[in-house]
Amino acid sequence: MLIFGWVSDHLSRKIGMIVATIILIIFSALAAGSYGAGGSIGGLLAALTAYRFLLGIGIGGEYPAGSVACSVCDHCMIGMACAYVDCYSGSHW
């Protein structure tokens, strides 16, 4: 979260959100299709654990970038879009 907060502050919020989303998409797809080396169960669990750890980094990057983007949204967007982001971030689905 600290790295994505720094990226959002110094580079741009858009870049921080895009990078976190790309990490999220890549590692969720890899976790869904994980396969152990040679079909072994131990390899499967090791790959799944590594992919889920890196997926958690992407999810952790979404929180600071998304909360900052929601706090500075325009007055025309302050309706359902920001309410949805706040409810999603607080509910921990």
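Anything mentioned here points back to the structure above.
Reference entry: report on the structure contained in this document. All of these numbers come straight from a predicted model, not from anything done at the bench.

### Things to note about the environment of Arg13
And then number 1: Here Arg13 is to be found in helix α2 (residues 13-32).
And then number 2: For Arg13, a relative accessible area of 41% gives the class partly exposed.
And then number 3: Sequence separation of Arg13 and Ala65 is 52 residues, and the distance between their C-alpha atoms is 6.1 Å.

### Concerning α2
And then number 1: Here α2 contains 20 residues, and its C-alpha end-to-end distance of 28 Å stays within 8% of the 28 Å for a straight helix at 1.5 Å per residue.
And then number 2: Those residues of α2 lying buried are Gly16, Ala20, Phe27 and Ala31. Along the axis of α2, the buried residues cluster in a sector spanning 50°; they form a single face. Of the exposed residues in α2, those oriented more than 90 degrees away from the buried face are Lys14, Ile25 and Ala32.

Cut-off values and rules
Residue positions are given per chain, counting from 1 as you read along its sequence in written order. With the structure being a predicted model, the display of local features is reserved for residues of pLDDT at least 70 and the display and counting of side-chain atom pairs for 80 or more, all residues being used for whole-chain, interface and lining totals. The basis for every side-chain value is the complete set of heavy atoms in the structure, and neither hydrogens nor water enter the calculation. To qualify as a helix, a DSSP run of H or I must reach at least 4 residues; to qualify as a strand, a run of E must reach at least 2; elements of each kind are numbered from the N terminus. The rule is simple: take the accessible area with a 1.4 Å probe, protein chains only, and divide by the maximum for that residue type; under 20% is buried, over 50% is exposed, in between is partly exposed. Helices are assigned an expected span. That span is 1.5 Å times one less than the residue count. Note: the arc covers the axis-to-C-beta directions of the helix.

From the geometry alone we can't say anything about function, so treat these as descriptive.
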